[in-house]
Amino acid sequence: MLRMAVRSILANKTRFLLPTVAVMLGVAFVSGALLYGASVQASLDRVRPDFSVQVSPYTIDKPVPAELVGELRGVAGAGEVRPVADGRAFVVGKNGSLVGPPGLAGGVNFDAHLELVAGQAPKGAGEIAVDDWTAGRAGFKVGDQVRVVVDGNVRSVRLAGVFTVQDARVAQGGTLTAFDDATARALFAKTPDSYTAINLTAAPGTTDAALAANVRAVVSKDLTVDTAAEIRKPGADSKLTEILLVFAGVALFVSVFLVANTFTMLSAARAREHALLRAVGADRRYILRMVLAEALLLGVVATVLGYLLGIGGAASLDALFSVSDGPPIPLQVVGVWPVVAALGVGIGVTVVAAYVPARRAAAVPPIAALRTGLPPSGKSLRRRNVTGLVVALAGAAAVAGGAESADLIYLGAPLLLLGLIILTPLFSVWLTALLRRPMTRIAGVRGTLAVENTRRNPRRTGTTAGALMIGLSICAAVTVPIASVNAEDERRADTGDSADIRVTAIDFADIGAETVGKIAQVPGVQAVTPLTPVSIGVGRTWLDAAGVDTATIARFVSVKVKSGSLDGLANGIAVSAKEADVHKWTVGTSVAPGLPIVAIFDAAEGFRYDALVSASRAETGRQPSTVLVKAAQADSVRAGIQQALDNPTLVVQTRAEYIESVGTQLDLVLNILYALLSISVLIGALSVVNTMTISTLERTREIGLLRAVGLGRRQVGTILRLESVIIAVLGAVAGLLAGCVVGAVAVAGQGGIPVVLPWGRLGLFVVVTAAIGILAALWPARRAARIPILTAIQSDTE
Amino acid sequence: MDQRTVAVADQLGKVYGTGQAAVTALAGVSAQFRQREFTAVMGPSGSGKSTFVHCLAGLDTPTSGKALIGGTDLGSLTEAGLTRLRREKIGFVFQSFNLLPTLTAWENIVLPLSLADKRPDSAWTKQVVDAVGLADRLTHRPSELSGGQQQRVACARALISRPDIVVADEPTGNLDSRTGAQILGLLQMCARHWGQTIVMVTHDPIAAGYADRVLFLADGRLVDEMAHPTPDRVLDRMRRFDAQAVR
Ligand SMILES: Nc1ncnc2c1ncn2[C@@H]1O[C@H](COP(=O)(O)OP(=O)(O)OP(=O)(O)O)[C@@H](O)[C@H]1O
Ligand SMILES: [Mg+2]
């Protein structure tokens, strides 16, 4: 049986090529994602905690006193006791931009466990040491002046040494900057005579748990004592792997269509062969097993190729997504789980997809061997249409319900999509009925032929278009919400202030205390104020106040003062009318001890603070979230501020830039999603190529006849191109419609955000699919045009 | 009556394959086809009849000799030129599978014109459609027509562009004798009344009886020619072939 399957596959190489490629891409996607995830996890697992027990505060605002170190040295079973002061420190490269991802920029006190590979330990506030990977990629040498950003302030320091270390941050591409003990404490610890944690190693013969118990006995209740095992191991960010797997699933789902279509078309072409086998005594099971054996073989080949491609994919993923520019991650080439998953997915998808066509092939009656002429036309579409309609309506109802309860969307969207996929043959019949006249008018009899060819087998057209539809519907379903949110963000970017320039910090970074002062010095700056979030306790609730420069705030916030005046703000608080109403406050009421209300205002829409106070009321260490600047020449002043700050962790934007950046914040996400979906769309495109190839093979005689009565070689291409564009656009339109509905409902379900349909992008999708259609016909058209007329006419195709 | 020559076969030869495996299908056949002449081509199976008409009509390229239609040497034409020639100067009727299943009878008939983006000449079209007797079936698809009706549609298509020559390869091969007779009568009428030149391959002496002359091929050679054939004379001639073949 297997030998027969091999022979059959070799005889039908052209027909099996594309389904193999499709399954291969899906398998590559799955195994690439899993191998990459496993490799990252393995490289993190290699970073072992270098302590047995760690003492750290329960809440980050509590210090770990330095004198505890001495006490702990005396604890029974304690080996090495190592105080740690760590926090965030960003390293600025020679080109002025940050080295490594901002989320993984660490700073620490230098001690013996950092193994120097060059230079010396840093001494004093003017020196640092960095890890060797960072020094290498940034091109730093011992003795260089290097800039680091801590607490939002840039400092230029001398690189005293380079060390090597096993650290989770560094392993993931982050940076580690070491300062001498006093400097690190000053920078990172709550008080200069405290640390952020103390690490202990157990003396030989003492278990971690025993040591922890001993330590717990001496430390205060503010501090927590954990063994290394209790502290969560740094887990690889599995999100990337998960996202990749989701999209791999989509790609595989699309492949199912391609494989199923191929086996269906093949069964039709071989109906007589199967009937002959039946006539000479083969039973149904034999035919079924024969077709499934072919599927199995195809699955195995696709899996092996896909796995190899997946290894390549995993290797390039790192670079592709610039997930980390950390030390090279040794790639795991085999993993139990990736291999099992690849085999299961590759073979499973193929066999499942081939099952229905195989059963249909087995059902061919022996008498069919004697029939000549056209094979029996397909079953009526009625049952299929009814099923599709029911599923689609159920899906639509669930999606509509999604406006109330978001969870229903996750049920409804796939159902709706499935229903529409089942209905695609019906759509194809409708669409082509509509298209016949216009196409005939535009392209003459060539148009008629193209439309008629797509109508011939609505199931086949439907399945082919369905494959494209899936990818495009997801494209639309993610584009609509993101476009809506972007548009809404842009609308809300009006933050209720009239600043010409805004300074904000990138994620994980802060605006330093010196920032406001530095900005004020820049020529052309007319006024500056920080906006520092200050929480003021009022009874049991909190008032969200903005800590501002009381002298200049009136120039930034266009508040309507209803009573009182902002003049006395330095010694009091201004509250919004809303809050004043809630608490029944009037001017003069003391909100908190020593904080009388000096004004009640109506804030502009978009201003998200309830009150204004002097920035000096902010707790120490609380950084401004934004610095607002007024300047007549926004553009040149912005450049001046940028130069003066010279800090890559700060973003300086004019009002226009800010609004634009807010409106495009999610574009990066969208582009990544498109990149991931492109594989599915590619497989959908392959499905069009596949169908076109097989249909032209089936129609060889017809094409020969057309050529005999005077159809030029090139015109053969025209007909096939029109045909494949119709199929592709059918898939695009159905997919985009479904996707837009789902996306729109998802947006509506969030409440408050108006749905924005990104017409430009949707149009672009249609154009792209039309282009896919044209490309898809390229190869089949070439083949068809090359067959000599007589060979074509005499071939025994339908 | 002036009988202009519309097609010429000049020492047409065709060899399939090379070396040991070479098969000579045609070994230099010359013939002339004049206007309003209905020629039947006969001969045993494998004698090269199909190859001859295919080469004559530009569907196949001869390996030696040449074919001329309306004074044009087919060998001198480019691919585009040949396509155009097939569309305008030649009409084909094959034994079966003559029609595109997706087009209606009418669309099939006017196909050569549609492919050239030409409008059908309504008077001529009406004449052709009336002659084949399908006026009430024009909107039907081939699958809704009988074999004989399908062949008549094919004939109408071959005639629609008023070609120099109509080439039919066993057009009645798949039909019963009565339906076949309708087709043959139609072809004969086209030649007699419309001045259409027709070349028809057939195995049937009765079919050959409709023609103005018969060419006999054997082993790729033109071995005999008979003017004003009757079925009896043709049958007689063929018996002699068989006798020769047995000997
Ligand atoms: N493509 C081909 N390759 C090789 N040999 C061929 C090819 N086509 C035809 N022949 C050979 O050329 C010879 C003539 O074939 P042709 O089809 O012209 O015969 P025919 O007279 O039309 O026969 P029939 O009455 O059976 O249709 C035969 O011997 C045939 O085997
Ligand atoms: Mg023949």
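Residues numbered from 1 in each chain as written. Chains lettered and ligands numbered in written order. Predicted model: local features only at pLDDT ≥ 70, side-chain atom pairs only at ≥ 80, totals over all residues. Heavy atoms only, no water.

What about the overall build of chain B?
Okay, step 1: Tallying secondary structure elements over chain B gives nine helices and ten strands in all.
Okay, step 2: For 247 residues, the compact-globule estimate of 2.2 N^0.38 gives 18 Å, and chain B sits close to it at 18 Å.
Okay, step 3: The principal-axis extents of the C-alpha atoms in chain B amount to approximately 55 × 40 × 40 Å.
Okay, step 4: Looking at chain B residue by residue over its 247 residues, the buried ones come to 51%.
Okay, step 5: The contacts in chain B between residues at least 6 apart in sequence include a share of 69% that link residues at least 24 apart.
Okay, step 6: Looking at chain B as shown, the accessible area adds up to about 11000 Å², and 48% of this sits on carbon and sulfur atoms.
Okay, step 7: Across chain B, the centroid of the 27 positively charged side chains sits 2 Å from that of the 25 negatively charged ones. (Helix = DSSP H or I, 4+ residues; strand = E, 2+ residues; numbered from the N terminus. Rg over C-alpha atoms; globule rule 2.2 N^0.38 Å. Buried < 20%, exposed > 50% of the residue type's maximum accessible area, 1.4 Å probe, protein only. Contact = heavy atoms within 4.5 Å. Areas by Shrake-Rupley, 256 points an atom, 1.4 Å probe, with all protein chains shown as cover. Lys, Arg positive; Asp, Glu negative; His and termini not counted. Charge placed at Lys NZ, Arg CZ, Asp CG, Glu CD.)

Describing the side chain of T125(B)
Residue and element names in this part refer to chain B.
Okay, step 1: Relative to the helices and strands, T125 is located in helix α5 (residues 122–132).
Okay, step 2: For T125, a relative accessible area of 4% translates into the label buried.
Okay, step 3: A distance of 2.5 Å separates a polar atom in the side chain of T125 from the backbone oxygen of D121.
Okay, step 4: Among all residues touching T125, those that are not within four sequence positions of it are W106, P120 and I160. (Polar contact = N/O pair within 3.5 Å; in protein donor to acceptor, adjacent residues only side chain to side chain.)

With respect to the interface of chain A and chain B
Okay, step 1: Residue-level contacts link 24 residues of chain A with 24 residues of chain B.
Okay, step 2: Counting the surface lost from both chain A and chain B, the interface buries some 2200 Å², and carbon and sulfur atoms represent 65% of this.
Okay, step 3: For chain A, the biggest contributors to the area lost against chain B are L705(A), V709(A) and L790(A); these three give 26% of the whole.
Okay, step 4: Counting across the chain A and chain B interface gives five salt bridges. (Buried area = accessible area lost by both parts, 1.4 Å probe. Salt bridge = Lys/Arg side-chain N within 4 Å of Asp/Glu carboxyl O.)

Comments concerning the packing of aromatic side chains
All names here are of chain A.
Okay, step 1: Evaluation of the coordinates by the stated rule reveals nine aromatic pairs over all chains.
Okay, step 2: Relative to F188, the ring of F179 lies with its centre 5.8 Å away and its plane at 70°, an arrangement referred to as edge-to-face. Each member of the pair F179 and F188 is classed as buried.
Okay, step 3: Centroid distance F427 to W430: 6.0 Å. Interplanar angle 50°. Geometry classified as tilted. Of this pair, F427 and W430 are both found in helix α13 (residues 407–456), three residues apart, which corresponds to roughly one turn of the helix.
Okay, step 4: Under the relative-accessibility criterion, W430 is labelled exposed at 51%. (Phe/Tyr/Trp six-rings, centres within 6.5 Å; stacked < 30°, edge-to-face > 60°.)

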